[in-house]
Amino acid sequence: MNIISKKIMIIIFFIFGVLKAQNDGKVYDVIIIGAGISGLAAADHLIENGFDVLVLEARNRIGGRIWSYSWNDVIIEEGANWIHTATGNPLTKFAQDHGFTTYETPLNSMVAYINGKKIDNNQYDNLVKEFWAYIIANQHKGQDESLDKTVNNFMVENSFSLDELNILSYLVNSEISNEYGTDLKNLSRDYFDIGEEYDDGELVLHNGLQQIIDILKHNVKIKLNHIVTNIEYRVNENIVVYANNKRFYSKKVLVTVPLGVLKSGDIEFSPPLPESKQNAISDLGMGLLQKHWLLFDKVFWDEDVVWILSVNQQNWECMNYSSSGKPILLCFTMGKYAKSQEELADSIITSDVMSVLRNTYGQNIPDPLDVHYTKWASDKFSYGAYSYTAVGNTTETYLKISEPIHNLIYFAGEHTHENYPATIHGAYLSGLRAARLIRN
Ligand SMILES: Cc1cc2nc3c(=O)[nH]c(=O)nc-3n(C[C@H](O)[C@H](O)[C@H](O)COP(=O)(O)OP(=O)(O)OC[C@H]3O[C@@H](n4cnc5c(N)ncnc54)[C@H](O)[C@@H]3O)c2cc1C
């Protein structure tokens, strides 16, 4: 072999070596992007039906927005906490079938304060009933508009006292904004409560929702720390998925990354997603809910209730977590305020929530011994907590995001389920639905 042939051989071996390093040499039936509950439910279903599946997950853990772990020897849920509307919910059956220990959080176990004075529960109940009746009566009247406007009309049309107005504005935020993770002005009047619900019950898994994830991951081939950056798809060709500068090949791809990630453009689709899908992704709202755990040396709050509401401008709302065996309060905040807070030092956030607690329980309550705060807005594998129905969104917005492209690229995740968005059961069902579509 002359010197030129040797050089050519070396170049060929080098190129071959690089290509080999860039993929694992297989064409999978399906690559699933994201190991949250939707991705793992789909993977589990497809594997059971004989498909060769690979899951690529950006984080160093699975579960996505389900993330249970021990903090000060107490299981806390960084993301989802409850199986909402548990009676008839498929995840309740899942938990029962696997023998998980569960308990319920009563929704009506609450106390409300204004400036350290307890609000009469009847006064609260009546205001809330009046408020809901007004909202329902005013939905679907003319063109959709911001829910904020309807709420303001309700306030203006009734002659409430200043105290009543303050209580109402706080309670509305606590009932609606905390639920949907955004400020009222962003929510659609007509569709903010889109979808369906099962029957009563807010179920908690004693050892965390992660147990569901651990069951679903069984038998699934998952590559952690693999951040997908590009997806190239062409009809009649294998799809190429790029993660960590490596190429992975498959016949079909299921994208389950959160709405926030789709919005960010961190994953490039080639060719780009159809314009109508891009519009739906950009239009659907992505909300934010933050959780703040505070450990004290002893309980100083109302120990016999679950929810502790105290009228405050920032819309803090707390939950008595002492049934865990430790004097812990779990406080929530949402929307624009929660986002601005995420950029602040933990000590400033602590003083903020403590000022609300001191206004409620007196200046002498102690500082917390330990705190832990979530940061979902800056989490680059989520960019927020869960989707919400913004002004102008309808069922069609969710359906458009879930629509497959050329039977090659499929979509699942809480933001694709028109009946149960923003929930773990919606995400779970969306994964199963996408898996069935892929099978057919
Ligand atoms: C604070 C909070 C409280 C909540 N409370 C409740 C509750 O009580 N009850 C309830 O029903 N729901 C609740 N939810 C909503 C619920 O957690 C979600 O609806 C559900 O977990 C979403 O599952 P998913 O599979 O759609 O997405 P995810 O669980 O987010 O899974 C998507 C996965 O994709 C991965 N990913 C992202 N980008 C990439 C990339 N580029 N490459 C590869 N992988 C990537 C992510 O890391 C993640 O693991 C809450 C959510 C939050 C944040």
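Because the structure is a prediction, the values reported are computed rather than measured.

Novice: How would you sum up the overall build of the protein? Please name residues and give values.
Specialist: The helix and strand inventory of the protein stands at 13 helices and 21 strands. Against the globule reference of 22 Å for 440 residues, the protein gives a C-alpha radius of gyration of 24 Å, in line with a compact fold. Projected onto the principal axes, the alpha-carbon positions of the protein cover approximately 95 × 55 × 45 Å. Relative to its 440 residues, the protein shows a buried fraction of 40%. Sequence separation of 24 or more characterises 74% of the internal contacts of the protein that already satisfy a separation of 6 or more.

Novice: Lay out the site of the ligand in plain terms, naming residues and giving numbers.
Specialist: Surrounding the ligand, one finds 41 residues, the nearest of these being Gly34, Gly36, Gly64, Ala80 and Gly413. Contributing elements (two or more residues each) for the shell around the ligand: α2 (37-48), β15 (289-295) and α13 (424-439). Here the shell around the ligand gathers at least three residues from each of two domains, domain 1 (17-64 + 209-284 + 391-439) and domain 2 (108-200 + 289-375).

Novice: Lay out the environment of Ala390 with the relevant residues and their values.
Specialist: Among the secondary structure elements, Ala390 is positioned in the loop between β20 (386-388) and α12 (395-402). Judged by the 21 C-beta atoms lying within 10 Å of it, Ala390 is buried. Here Ala390 is in contact with Asn186, Leu187, Ser188, Asp283, Leu284 and Gly285, once residues within four sequence places are set aside.

Novice: Let's hear about unusual backbone geometry: which residues, and what values?
Specialist: A cis geometry characterises the amide bond from Ser270 onward to Pro271, with omega recorded as 0°. Looking at where Pro271 falls in the secondary structure, it is placed in the loop between β13 (268-270) and α9 (275-283). If you check the backbone angles, Asn115 has positive phi at about 45° while not being a glycine. C-beta crowding within 10 Å serves as the criterion here: with 11 such atoms nearby, Asn115 is assigned to the exposed category. Despite not being glycine, Asn407 shows a phi value in the positive range, around 50°. Mapped onto the fold, Asn407 is located in the loop between α12 and β21 (409-411).

Novice: Residues and numbers for the sheet that holds strand β18 (residues 328-334), please.
Specialist: Taken together, seven strands build an open sheet; the order of strands is β7-β6-β16-β17-β18-β15-β19 and the sheet is mixed. With partners counted over all chains shown, the strands left at the sheet margins are β7 (117-118) and β19 (370-373), one partner each. For strand β17 (residues 317-320) and β18, the ladder comprises four bridges, and the chain directions are antiparallel. The residue of β18 that forms the bridge with Cys318 is Cys331. Those strands touched by helix α10 (residues 335-342) are β15 and β18, and its axis lies near 110° from that of β18.

Novice: An account of the packing of helix α4 (residues 121-138) against helix α6 (residues 162-180) is needed here, citing residue identities and associated values.
Specialist: Packing of α4 against α6 brings their axes to within 10 Å, and their N-to-C directions diverge by 65°. Between α4 and α6, the angle is such that the two are roughly perpendicular. Considering how the two elements wind past one another, α4 and α6 form a crossing that is right-handed. Residue-level inspection shows Tyr124, Leu127, Val128 and Phe131 of α4 in contact with α6, the latter providing Glu164, Ile167, Leu168, Leu171, Val172 and Glu175.

Novice: So, the domain arrangement of the protein: which residues are in play, and what are the values?
Specialist: Once the domains are mapped, the protein shows domain 1 (17-64 + 209-284 + 391-439) and domain 2 (108-200 + 289-375). On a C-alpha basis, the centroid separation for the pair domain 1 and domain 2 is 34 Å. Facing the nine residues of domain 1 at the interface are eight residues of domain 2. Taken together, the residues that form the side of domain 1 that touches domain 2 break down as three nonpolar, five polar and one charged.

Novice: Break down the environment of Gly63 for me, citing the residues and quoting the values.
Specialist: Relative to the assigned elements, Gly63 resides in the loop between β2 (53-56) and β3 (68-71). Setting aside chain neighbours within four positions, we find Gly63 in contact with Gly36, Gln210 and Ile213.

Novice: If you had to explain the nonpolar core to someone new, which residues and values would you point to?
Specialist: Core analysis: the biggest nonpolar cluster contains 104 residues, and Ile31, Val241 and Leu254 have the highest contact counts within it. By residue number, the principal contributor to this core is α13, which donates seven residues. Composition of this core by domain shows at least three residues from each of domain 1 (17-64 + 209-284 + 391-439) and domain 2 (108-200 + 289-375). When neighbours within four sequence positions are excluded, Val241 is seen to be in contact with Ile31, Leu56, Val228, Ile231, Phe248, Ser250 and Val253.

Novice: Describe the packing of α2 against α13, listing the residues and the values that go with them.
Specialist: Between α2 and α13, the least distance of the axes is 7 Å, while the angle of their chain directions is 35°. Taken as a pair, α2 and α13 cross one another with a handedness that is right-handed. For the pair formed by α2 and α13, the contact residues are Ile37, Ser38, Gly39, Ala41, Ala42, His45 and Leu46 on the first element and Ile424, Ala427, Tyr428, Ser430, Gly431, Leu432, Ala434, Ala435 and Ile438 on the second. Considered class by class, the residues forming the contact of α2 with α13 number eleven nonpolar, five polar and no charged.

Basis of the calculations
Residues numbered from 1 in each chain as written. Predicted model: local features only at pLDDT ≥ 70, side-chain atom pairs only at ≥ 80, totals over all residues. Helix = DSSP H or I, 4+ residues; strand = E, 2+ residues; numbered from the N terminus. Rg over C-alpha atoms; globule rule 2.2 N^0.38 Å. Buried ≥ 20, exposed ≤ 12 C-beta atoms within 10 Å, placed from the backbone. Contact = placed C-beta atoms within 7 Å. Near = placed C-beta within 6 Å. Domains from an automatic or database assignment. Pairing = 2+ DSSP bridges. Axes fitted to C-alpha atoms, helices over the stretch in contact; angles between N-to-C directions. Parallel < 35°, antiparallel > 145°, perpendicular 65-115°, else oblique. Left-handed = near helix turned anticlockwise from the far one by under 90°. Nonpolar A, V, L, I, M, F, W, Y, C, P; charged D, E, K, R; others polar. Core = buried A, V, L, I, M, F, W, Y, C linked by C-beta atoms within 7 Å.

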